[in-house]
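# Per-entry structural report
So the chains spell out like this:
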There are 2 protein chains.
Amino acid sequence: MSFVVVAQSMKFEQPLQLQSGASIRDYSLSYETYGTLNADKSNAVLICHALNASHHVAGEYADDPKNVGWWDTMIGPGKPVDTNQFFVIGVNNLGSCFGSTGPMHTHPDTGKVYGADFPVVTVEDWVNAQARLLDALGIEQLAAVMGGSLGGMQALSWTMQYPERVRHAVVVASAPNLTAENIAFNEVARRAIVTDPDFYEGHFYEHGVVPKRGLRIARMIGHITYLSDDVMNEKFGRELRSAVNSPTGYKYSTQDVEFQIESYLRYQGDKFSEYFDANTYLLITRALDYFDPARAFGGDLCAALARATCKFLLVSFTTDWRFSPARSREMVQGLIANGRDVSYAEIDAPHGHDAFLLEDARYLSVVRSYFDRMADGLNAGGAA
Amino acid sequence: MSFVVVAQSMKFEQPLQLQSGASIRDYSLSYETYGTLNADKSNAVLICHALNASHHVAGEYADDPKNVGWWDTMIGPGKPVDTNQFFVIGVNNLGSCFGSTGPMHTHPDTGKVYGADFPVVTVEDWVNAQARLLDALGIEQLAAVMGGSLGGMQALSWTMQYPERVRHAVVVASAPNLTAENIAFNEVARRAIVTDPDFYEGHFYEHGVVPKRGLRIARMIGHITYLSDDVMNEKFGRELRSAVNSPTGYKYSTQDVEFQIESYLRYQGDKFSEYFDANTYLLITRALDYFDPARAFGGDLCAALARATCKFLLVSFTTDWRFSPARSREMVQGLIANGRDVSYAEIDAPHGHDAFLLEDARYLSVVRSYFDRMADGLNAGGAA
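Calculation notes
Numbering of residues starts from 1 in every chain and runs along the sequence as written. Written order determines the labels here, with chains lettered from A and ligands numbered from 1. Residues qualify for local features only when their pLDDT is at least 70, as the model is predicted, and side-chain atom pairs are given and counted only at 80 or more; totals for whole chains, interfaces and linings, by contrast, use all residues. Hydrogen atoms and water are omitted, and side-chain values are computed over all heavy atoms in the structure. Strands are treated as partners if at least two bridges between them are detected by DSSP. Numbering of helices and strands runs from the N terminus; a helix is a DSSP stretch of H or I covering at least four residues, while a strand is a stretch of E covering at least two. Throughout, an axis means a line fitted to C-alpha atoms (over the contacting stretch in the case of helices), and angles, computed between N-to-C directions, take values from 0 to 180 degrees. By definition here, a helix of n residues has an expected span of 1.5 Å times n minus one. Only protein chains enter the accessibility calculation, which uses a 1.4 Å probe. A residue is then buried if its area is under 20% of the maximum for its type, exposed if over 50%, and partly exposed in between. Whether two residues are in contact is decided by their heavy atoms, any of which lying within 4.5 Å being enough. For this analysis, a polar contact is any N or O atom pair within 3.5 Å, provided that within protein one partner can donate a hydrogen and the other can accept it, and provided that sequence-adjacent residues contribute only side-chain to side-chain pairs. Note on terms: buried area is the combined drop in 1.4 Å-probe accessible area of two parts once they are placed together, counting the loss on both. In the sections that follow, a salt bridge refers to a side-chain nitrogen of Lys or Arg positioned within 4 Å of a carboxyl oxygen of Asp or Glu. Classification convention: Asp, Glu, Lys, Arg as charged; Ala, Val, Leu, Ile, Met, Phe, Trp, Tyr, Cys, Pro as nonpolar; all other residues, Gly among them, as polar. pLDDT measures the predictor's confidence residue by residue and takes values from 0 up to 100.

Below, the discussion takes up the sheet that holds strand β12 (residues 142-148) of chain A. Residues and elements named next belong to chain A. Strands sit in the order β2-β5-β11-β6-β12-β13-β14-β15 across an open sheet of eight strands; the sheet is mixed. In this open sheet, the two edge strands, each paired with only one partner strand, are β2 (8-12) and β15 (342-347). Looking at each pair of strands side by side, their axes are set apart by 20° on average, direction ignored. Two elements, strand β13 (residues 166-172) and strand β14 (residues 311-317), share five bridges in a ladder whose sense is parallel.

Residue and element names in this part refer to chain A. With 13 residues, helix α9 (residues 325-337) extends 18 Å from end C-alpha to end C-alpha; this agrees with the ideal 18 Å at 1.5 Å per step. Among the residues making up α9, those that are buried are Pro325, Arg327, Ser328, Met331, Val332, Gly334 and Leu335. On the buried face of α9, the contacting elements are α2 (150-161), β13, α8 (301-305), β14 and β15. Positive backbone phi, at 75°, marks Gly339, one or two positions downstream of α9.

All names here are of chain A. If you trace the backbone, Asn279 turns up in helix α7 (residues 278-290). Here Gly202 takes part through its backbone oxygen, which lies 3.0 Å from a polar atom of the side chain of Asn279. If we ignore the near neighbours within four places in the chain, the residues touching Asn279 are Pro103, Gly115, Ala116, Phe199, Gly202, Phe204 and Tyr205.

With that settled, the discussion passes to the interface of chain A and chain B. At the junction of the two partners, chain A supplies 57 residues and chain B supplies 57 residues. Surface buried jointly by chain A and chain B totals about 5200 Å² across both partners, of which 62% is contributed by carbon and sulfur atoms. In this assembly, chain A and chain B are joined by eight salt bridges. Linking A:Arg238 and B:Asp292 is a salt bridge whose minimum nitrogen-to-oxygen distance equals 3.0 Å. Here chain A and chain B share 28 residue pairs in polar contact (both at pLDDT 80 or more) between them. Taken together, the elements giving at least two residues each to the side of chain A that touches chain B come down to α3 (180-194), α4 (212-226), α5 (229-235), α6 (260-275) and α7 of chain A. Looking at which element gives the most residues to the side of chain A that touches chain B, the answer is α3(A), with 11 residues. Taken together, the residues of the side of chain A that touches chain B break down into 29 nonpolar, 12 polar and 16 charged.

With that settled, consider the confidence of the model for chain A. Segments scoring low in pLDDT should not have their predicted coordinates read at a detailed level. Overall, the predicted model of chain A reaches an average pLDDT of 96, with 99% of residues at or above 70. Predicted complex, confidence summary: ipTM 0.95, pTM 0.97.

Working note: non-glycine residues mostly have negative phi, and peptide bonds are mostly trans. Residues and elements named next belong to chain A. Phi at Ser149 is positive, roughly 60°, even though this residue is not glycine. Under the relative-accessibility criterion, Ser149 is labelled buried at 6%. The phi angle at Ala173 is positive, at roughly 45°, despite the residue not being glycine.

What follows is the structure, encoded as structure tokens:
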């Protein structure tokens, strides 16, 4: 049983200038807060979410106790990010489909549902929108910004976009940009969605359909890249779902589920297609593709990171082949070259990229120690 | 300019019993032969193909000189598998779409196109069909059977199904079965095809359409797994196809091609969907999933391999994450434990799984040496 939380929403009427040149106005951000903001407002921690997560980071809703926050192992009273010490903020990003303004909402200029006309948003745009939320909450400076995967990219971007507003950044299972292979997987998923006849060029809402075929394929591809080969073999191996009476146990069918791994992937795909928005999937994978802070510095990550002034904790997982430890080490090296204060933990975990969401004693203890030291600093009266 | 070859076809009227319990009759196999069968018929080499290849292994057609065989770097006069020494046979597998009987042909029982009713075929079935072709060609024993990837599985299976008919097996970039991750990628590709509205449950031929959307996605997924992360980064990296005049060069679009890797994958997908049969794709990926010679021995590969009596050359490539060197080492260990004569080369090549089709000096020289020694034995009068 976790603690009870309440989702909130903040409306922003003024246009937000986007990196693409477009802007968006009259938008809302859904968010949640846990713990208490201290008197000098120095204990705020912002949590940034990845692809299919939301502002519901921890705790549970009074009327929906099964809906536990996606990082509940990490955040809460007495957890590694202790809400008895810190005021934690979770925010759903612009363009997502969990409450904040997204493609399924009405464009204030046209009175029609955005659909494919929702502007392309980037990691930098999300950070700007998050900064506005902090302004509205009266928070000048964060004790820490933290995120895993795409959330880690946002945390990293905070340190370069608003160096004076961040004291610590915790960047987990992330990367300073996507590799060609990462982009390739995103592209296949997007093509599956876009070529689904029910996509209607992004305006499926008015046709009363959902491109579920494409969403299922997208999710299946994603799932493969979240897990390690090892953990898949351990969990599923070559186990059959229901062996039949043949010398091999095989049904000999090209379309029926034969192996457990197939059953698992189909289930994950079906479930995802019931709740996730297709246009959001395109927007969020594109934000991943586009993130590349070194780009404006001729590919020099070290030069890009020179803007950051805060302290860092980076964490990676040995079996994560989506955002491998080598990618975290690139960031660590860039920060060290700039003389920054960096802690780095490479956790030997079998679960692949998914490890950042799972309970792993060493991982949680690394984060706990880091935040405990931060809390000690706060309680000593300084801004740790 | 390569040598000129001619495609041939052999009709088989008698039913071939399949592993599933079904059988198939009145089928044809397309094949090609290069070089000359010697007097004692001891210099025959059978080449087995992988997913989207065919009997057109080497050389070119007189009327279509651009259509060069898929393993032309490996096989031909003076090549590592020297057709001045060996009589090489390439055969298109049952269920494929390059000439041998497949789902697009007519079922002799119903007079209708097979479509989804084409029987499920396995690696073992293909080997049995190949053995019948050798019978028809009057070849009792092969000097060698050779293949890469799925072709390597067939070569391996030959040594266990017909140990007395094989003197050497050359198994390149292969595995003794698929991992859960391998099956997972196959399953996503199959779901993309099967859920394409133009698939019509496998009977799309009569509707005059082709499930191209699904085939494109299937091929894009395949292509990602054929290449290494490194070679993708080297070839494409984060390069844009056509940078626009914005600070980042990005167009900021979720659907337009932005990165070179996207353009490459879309092109590969489009090309594939023009020529490959959707039902064949299902059949061949299922044959891959099902192959598991250890299965009948309680998962004991060593016990399965005890049936093999020939000599072996195995080759793997360091950056092949589809069929990693570790999978080849499993086979090597199983063979050594059985006291078999095994040569093994792990080639340090950057190209991932695709390396087995590419020109790599060390790789080609390993195969050349192996076949040269075989040829010496033949010329000395013995059956090397």
